[in-house]
Structure formats: C-alpha cells, structure tokens
Amino acid sequence: MLRIPKNGVVAKGKRQLEAHLRGEKLTPLQILSANCYWCMCGYVDGKRDCENQTCPIYSRMPYRGKK
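Here goes a summary of the coordinates provided. Position labels on residues start from 1 in each chain and follow its written sequence. At least 70 in pLDDT is required for a residue's local features to be given in this predicted model, at least 80 for side-chain atom pairs to be given and counted, and no such filter applies to totals for whole chains, interfaces and linings, which use all residues. Only hydrogens and water are removed before side-chain values are computed, so all heavy atoms of the structure are retained for them.

Re the environment of Arg 15
So the rule is basically this: Helix and strand assignments come from DSSP, with helices taken as H or I runs of at least 4 residues and strands as E runs of at least 2, each series counted from the N terminus. Buried, partly exposed and exposed residues are distinguished by accessible area as a fraction of the type maximum, computed with a 1.4 Å probe on protein chains only: under 20%, between the cut-offs, and over 50%, respectively.
Within the secondary structure, Arg 15 is located in helix α1 (residues 14-21). On the basis of relative accessibility, which here comes to 65%, the residue Arg 15 falls in the exposed class. Considering only alpha carbons, one finds Arg 15 and Ser 33, 18 residues apart in sequence, at a separation of 9.3 Å.

Re α1
Test applied: It only takes one pair of heavy atoms within 4.5 Å for two residues to be counted as in contact.
For α1, the set of buried residues is Lys 14, Gln 16, Leu 17 and Ala 19. Tucked into the core, α1 has its buried residues touching α2 (28-39). Where α1 ends, the next residue or the one after it, Gly 23, has phi of about 90 degrees, a positive value.

Points about the environment of Val 10
As for its position among the elements, Val 10 is in the segment before α1. When its relative accessible area of 62% is taken as the criterion, Val 10 is described as exposed.

Quick notes on empty space enclosed by the protein
Just so we agree on the cut-off: Think of a 1 Å grid over just the protein atoms. A cavity is a set of points where a 1.4 Å probe fits yet cannot get out, a pocket is an open set with protein on both sides within 12 Å along at least five of seven lines, and lining residues have an atom within 4 Å of a point. Grid points are joined across faces, edges and corners, and a volume is the space filled by probe spheres set on the points. Gly is put with the polar residues, along with every residue not named as nonpolar or charged; the nonpolar set is Ala, Val, Leu, Ile, Met, Phe, Trp, Tyr, Cys and Pro, and the charged set is Asp, Glu, Lys and Arg.
A full pass over the atoms with the stated rule returns one cavity of 30 Å³ or more. Roughly 80 Å³ of volume is contained in the largest cavity. Every residue lining the largest cavity is listed: Asn 35, Cys 36, Cys 39, Met 40, Cys 50, Asn 52, Cys 55, Ile 57, Tyr 58 and Met 61. Classifying every residue of the lining of the largest cavity by side-chain character gives eight nonpolar, two polar and no charged.

The following block contains the structure:
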C-alpha cells in the first residue's frame, strides 16, 4: 500500500488520496484531485502546474496555469 508521509505537502488531493487508500468512496472530482496529487508525487517540489497538456485530465489540474 502506498504511504503518504504525515509531514508531506498539504495540497489539493492529499486528503482524497488518503481516503481512497482507506477504501472510501470518492466523487469524480475528488478522484481527479487525488490522481493529480499522486501523479505529481505529492507536490514535493511545490504546488505548480504539471504542464502535461497531453494528460486527459489536465483541464482539471488544481494548479494549472490560467491560459
């Protein structure tokens, strides 16, 4: 099971990913936030845009630039 450090970066998606790992049901938007948190490795290098415009859920990325 994936472990998320307690002192890890608090960002959008952290609580949702923890809930998913506990087996709780999530809404579709919560799933997207959790996926971005996981994909960005917990935003360890800062809350920033992933800039992966080929990602199918990039339009829902929490820290996406406003372009």
